[in-house]
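One-letter residues, chain by chain:
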Amino acid sequence: MCHLPESGEQQLWRSAVGGGYTVKKTYDQWKDMMPDLDEYKWIVPDFIWELDEHIDFEKLIKALPDADDLAKLLPDFDKIGESFTSLKGFFSPGPPGETAFRATDQAYDNDKQYKKGLLGELILLQQQIQQHEEETRRAAGQYNMGSSQQKRKVSDKEKIDQLQEELLRTQLKYQRMLERLEKENKELRKLVLQRDDKGIHQRKLKKSLIDMYSEVLDILSDYDASYNTQDHLPRVVVVGDQSAGKTSVLEMIAQARIFPRGSGEMMTRSPVKVTLSEGPHHVALFKDSSREFDLTKEEDLAALRNEIEIRMRNSVKEGCTVSTETISLSVKGPGLQRMVLVDLPGVISTVTSGMAPDTKETIFSISKAYMQNPNAIILCIQDGSVDAERSIVTDLVSQMDPQGKRTIFVLTKVDLAEKNVASPSRIQQIIEGKLFPMKALGYFAVVTGKGNSSESIESIKEYEEEFFQNSKLLKTCMLKAHQVTTKNLSLAVSDCFWKMVRESVEQQADAFKATRFNLETEWKNNYPRLRELDRNELFEKAKNEILDEVISLTQVTPKHWEEILQKTLWERVSTHVIENIYLPAAQTMNSGTFNTTVDIKLKQWTDKQLPNKAVEVAWETLQEEFSRFMTEQKGKEHDDIFDKLKQAVKEESIKRHKWNERAEDSLRVIQHNALEDRSISDKQQWDAAIHFMEETLQSRLKDTESVIEDMVGPDWKKRWLHWTGRTKEQNIRNETKNELEKLIKCSEEHAAYLANDEVTTVRKNLEARGITVDPCLIKDTWHQIYRRHFLKTALNHCNLCRRGFYYYQRHFVDSELECNDIVLFWRIQRMLAITANTLRQQLTNTEVRRLEKNVKEVLEDFAEDNDKKVKLLTGKRVQLAEDLKKVREIQEKLEAFIEALHQEK
């Protein structure tokens, strides 16, 4: 765990403007940033191994003022001549558990390495800076001691001013030397990374350490910890009040204006995980996208900001203002500090109009969820331009990290604070952690621009450096040099982040190893004979099965299609043919009227209803066949885990399928031509038509007799066998039926309708036997009795027409036998066969392939929709396999990361 130094003497020794952290830290970082060149001897030219020959350190030393000349510029204080051994302790390693911000954290044993060339001069300058600060503080203390030395007030004040000016001049020179050294190092690293990036000798560069770590965090963000294996891996959590400058601080660390911005409105609507790593080019890319945004181009920056804003808005559910869904972004570039940061929505005190009522609580919940991780580093951002008492985030951070062992406090907009705050010491109190009770590991003051959203990072950095160089806060030593600028902040945060990673990552790997063992044991006990297929693997297996079943449609024989289509179509239209065409025509007096009636009604039917009915039948037949293949169980191989998915695919595919709109028009012409034809070519067709007519009439007769039985009740045989009786209404119906049957016996060629006098006669006959009957009941009963009589007569006529083909060929000349009804049924039968054949061709040539295409599109859409897969592939088995996959992946990546971490020097 990182700790803040408590010693004032240690703090004094660490003051250096923009030098960051002290020269020791700078040198360590400069050295560590260099790649392990032992692995790149085949890439790096020989001159790199002889840097002393190519970088003229002697020339650089000569460019600096001589130590004696520099000493002449300084006041003659006794401490200026102190031995260099006082700095040796400054560069020696401290005891275990010292702060992460201690510059001497990893000192080398031999300080002679720092006295060579340019680095040696830097150390001498640092020594002088520390001595200047000490003398300035001592002189300032003497100046304020009291009235006993009034005579020396003026001269002492002049000395203090002179010391401060000389101190700043020396610090500025030190800073410029550091920048030159860093620039050389940056260019060298960029050259090496670029050469490796081009794949010299086809050799691949290993994945960077931070990228490996970021991948683990991405997987963990999607993993539902249902086995109490919580995610305690470190990341830097950036929290702050709304508009406090969180995003601006992040952009300065990332060296690019990558986030959307607005004037006072909430812009960060969901957590954004930013992985910073070093690379030859300054680019950004999302976890789920291959597009790289070039951060050196303004159009790419604008596109990136727009994409982030779109992703944020899409992640917010309807009726909400913020989302818990994390957007994962990776930023690479030369000289970037390696770390993982999470930018959270700004904490608000009041819900304004347009926000969901629970916005404030949701933001608090998101912030607490990230901060409660005991290994998370909390980067607490405080707006320096407003009263500290108005801040909400400090109380929240204090609750989550009361001891301040993992909190870094950042005061933003210090330039505005210096102008607006009446007492500059108030800023000093904040940075020293004395103004409010929140404790922190370290305190920083930064400036992130003038408030103009179009400012570039370079201009902001220049403005920040210029401000702190001229700031009274530094000149009066209210702020220490290592506590200012975003550069120093990023160095400190990166150091603390990696120290936390090294301390906690192995413990997390062990926890996931135990979880993996538990899950594997559970799988073996519950599903010993099944492979561990996760949701995506199961979906692929189901997808292949579904596509095989769709292909099976193409294997259906033409005969099978035509039989089903013809049978189904006749079932659909038979009632219309019998009731609206055949029966009205059969009641006519002669064959000419019969044929005329039939032709008119067939033409009307073909024009208006028949083609549409035929297409409906074809579409329903295709659906039924498709459903049969989809739901057909495959015996022992059938896996019911796919049933919901198959049903959803079937329904969605059918919903998307649209029959060819021109099919009805072409079908209408074919059907009309088929019904116009009356020429039966042979006896076989004649007999087939008779058989078709007999089957149809017998089916209708059976239905009619069933209706009559329901009307009159069971006959005497059923009454005796089943001990059932008739109701009063059934007795009336039965008596009415008997009277009506007498009428038919008297006149077998009776018309289809009863005359009024006949109705009266039947009613009076029944009344004579004491049965009162309504005329409507008589007519209703007559309809069924006459229908039965007509169908029986038509069936007898069919039998007579079996020998009528000879007369048909002679057009029934000189014959009393007329078989026009047989011709009608032949025309209907032929139309059904031709229609079935046409529909079958359309099905096999067009519609089946279109349905197969729809199925593939639906499967592709479902494959990209994780929510849909979660909904359709459910159950304990699926969830257990998912957990196993995630835990294995996390554990393996953690182990690979730990191995790489140990190998890194």
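One structure accompanies this document, and this report is about it. What you see is a predicted model, and the numbers here were worked out from it, not measured in a lab. (Residues numbered from 1 in each chain as written. Predicted model: local features only at pLDDT ≥ 70, side-chain atom pairs only at ≥ 80, totals over all residues. Heavy atoms only, no water.)

**A closer look at the overall build of the chain**
A tally of regular secondary structure across the chain gives 33 helices and 9 strands. In the chain, which comprises 905 residues, the share counted as buried stands at 48%. By sequence separation, contacts in the chain at least 24 residues apart represent 81% of the contacts at least 6 residues apart. About 46,300 Å² of surface is accessible on the chain, with carbon and sulfur atoms providing 48% of the total. (Helix = DSSP H or I, 4+ residues; strand = E, 2+ residues; numbered from the N terminus. Buried < 20%, exposed > 50% of the residue type's maximum accessible area, 1.4 Å probe, protein only. Contact = heavy atoms within 4.5 Å. Areas by Shrake-Rupley, 256 points an atom, 1.4 Å probe, with all protein chains shown as cover.)

**Here's the deal with the state of the cysteines**
Tallied over the full model, the rule gives 1 disulfide. The side chain of Cys801 participates in a disulfide bridge whose partner is Cys819; the two sulfur atoms lie 2.1 Å from each other. Given an S-S torsion of about -100°, the disulfide between Cys801 and Cys819 has left-handed geometry. Here the residue Cys801 occupies a position in the loop between helix H29 (775-800) and helix H30 (805-809), and Cys819 occupies one in the loop between H30 and helix H31 (820-864), the gap between them amounting to 18 residues. Residue classification places Cys801 among the buried residues on the basis of a relative accessible area of 0%. (Disulfide = S-S within 2.5 Å.)

**Observations concerning the sheet that holds strand S2 (residues 272-277)**
As summarised here, the arrangement of the 9 strands in space is S4-S3-S5-S2-S6-S1-S7-S8-S9, forming an open sheet in which the pairing is mixed. Looking at the sheet topology across the chains shown, the edges are occupied by strand S4 (293-294) and strand S9 (442-445). Note: strand S8 (residues 407-412) against S9, 4 bridges, orientation parallel. Looking across to S9, one finds that Val410 is bridged to Phe444. Strand contacts of helix H10 (residues 246-254): strand S1 (236-240), S2, strand S5 (327-332), strand S6 (339-343), strand S7 (377-383) and S8, with the helix running at about 160° to S6, the strand carrying the most contacts. (Pairing = 2+ DSSP bridges. Axes fitted to C-alpha atoms, helices over the stretch in contact; angles between N-to-C directions.)

**Side note on the nonpolar core**
In this structure, Tyr582, Trp605, Leu622, Trp686, Ile822 and Ile828 are the most contacted members of the largest nonpolar core, which totals 100 residues. Among the elements that take part in this core, H31 stands out by supplying 17 residues, more than any other. Here Ile828 is in contact with Trp570, Val577, Leu602, Trp605, Leu675 and Phe692, once residues within four sequence places are set aside. In this structure, Met212, Leu304, Met500 and Val501 belong to the second largest nonpolar core, which totals 69 residues. (Core = buried A, V, L, I, M, F, W, Y, C linked by side-chain atoms within 4.5 Å.)

**With respect to the pattern of salt bridges**
Within the structure shown, the criterion is met by 39 salt bridges. Taking the shortest distance from any N to any O, the salt bridge between Arg305 and Glu298 comes out at 3.1 Å. One salt bridge connects Arg535 with Glu882, and the closest N-O pair in it is separated by 3.8 Å. A residue pair is termed long-range when its members are at least 10 positions apart, and Arg535 in helix H19 (residues 535-553) and Glu882 in helix H33 (residues 876-903) qualify at 347 residues. For the pair Arg535 and Glu882, a shared accessibility class is recorded, and that class is buried. (Salt bridge = Lys/Arg side-chain N within 4 Å of Asp/Glu carboxyl O.)

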